[in-house]
Amino acid sequence: MTINFDDYVDTYEDSVSKLTSFFSKKRDYFDAYKVELAKKYIQKPKSVLDFGCGIGLCLNHLIINFKDSKIYATDDSTKSVEFAKNKFENVHFIDFKNIEEYSFDLIFIAGVFHHVTSNRRPELLKTLNKMLNQNGKIFITEHNPYNPITKKIVSQCPYDADAELIKMKKMKKILINADFKKIDSGYYLFFPYFFKFMRPTEKFMKWL
């Protein structure tokens, strides 16, 4: 089954908020969290691409955390991109079909690869690797297939009907085969919003 995200533009954010409300009443807690993690891995990139930006939930946080960077975004959902364009006039939206014409210091990818079929993942990562400038980095976050809460949320989410959750070990193998040399990986998001003061301890829990 292939999901057309054009069909969920108007309801996407509200649906996610309802599914994750037990973890945080603030929907953007998750988006801010991911971007703040990315910021720890690269300092002052000149160019940042939000690959698979959807309706732009992470864009505001990318703008805030990378103030001196030129922010780009792309998605293969035309309607999602149009929605995001109306909200973020200073973001440079590029045609998904022509992404190979560009290069970036940071490619940010949040929750995209579980919508990419397993046979397409290797070639996509090879393409993205070629789009990185010298010393550029790619930052990927994905759902944890071992987490029963995550699995339940995905099973209840209408636009995750095509989801193929990917194990970290498998993702690392694909990255290595796509010629990524240095790979740092780990688990995160252990604490809900009301325990966010404990987040500094997560660096000791990446293995869990």
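Structural data are supplied above this passage.
Residues numbered from 1 in each chain as written. Predicted model: local features only at pLDDT ≥ 70, side-chain atom pairs only at ≥ 80, totals over all residues. Heavy atoms only, no water.

**Examining the overall build of the protein chain**
And step 1. Counting its regular elements, the protein chain contains seven helices and five strands.
And step 2. For the protein chain, the succession of helices and strands along the chain, N to C, is α-α-β-α-β-α-β-β-α-β-α-α.
And step 3. Within the span of the protein chain, comprising 208 residues, buried residues form 45% of the whole.
And step 4. Total accessible area on the protein chain stands at roughly 12,400 Å², and carbon and sulfur atoms take up 51% of it. (Helix = DSSP H or I, 4+ residues; strand = E, 2+ residues; numbered from the N terminus. Buried < 20%, exposed > 50% of the residue type's maximum accessible area, 1.4 Å probe, protein only. Areas by Shrake-Rupley, 256 points an atom, 1.4 Å probe, with all protein chains shown as cover.)

**Points about unusual backbone geometry**
And step 1. Phi at N135 is positive, roughly 70°, even though this residue is not glycine.
And step 2. Relative to the helices and strands, N135 is located in strand β5 (residues 132-141).
And step 3. Of note in the backbone geometry, D179 takes a positive phi value of approximately 75° without being a glycine.
And step 4. Residue classification places D179 among the exposed residues on the basis of a relative accessible area of 51%.

**Examining the sheet that holds strand β4 (residues 104-110)**
And step 1. Strand order in the open sheet made by the five strands is β3-β2-β1-β4-β5, with parallel pairing throughout. The strands lining the two open edges of the sheet, one partner per strand, are β3 (92-93) and β5.
And step 2. Bridging between strand β1 (residues 47-51) and β4 involves three bridges; their strand directions are parallel. Counterpart to D50 in the pairing with β4 is F108. (Pairing = 2+ DSSP bridges.)

**Description of the packing of aromatic side chains**
And step 1. Tallied over the entire structure, the rule returns 11 aromatic pairs.
And step 2. On the basis of an interplanar angle of 5° and a centroid distance of 5.9 Å, the ring pair of F108 and F139 is categorised as stacked. Linking F108 in strand β4 with F139 in strand β5, this pair joins segments that are 31 residues apart in sequence. Across this residue pair, the class does not change: F108 and F139 are buried. (Phe/Tyr/Trp six-rings, centres within 6.5 Å; stacked < 30°, edge-to-face > 60°.)

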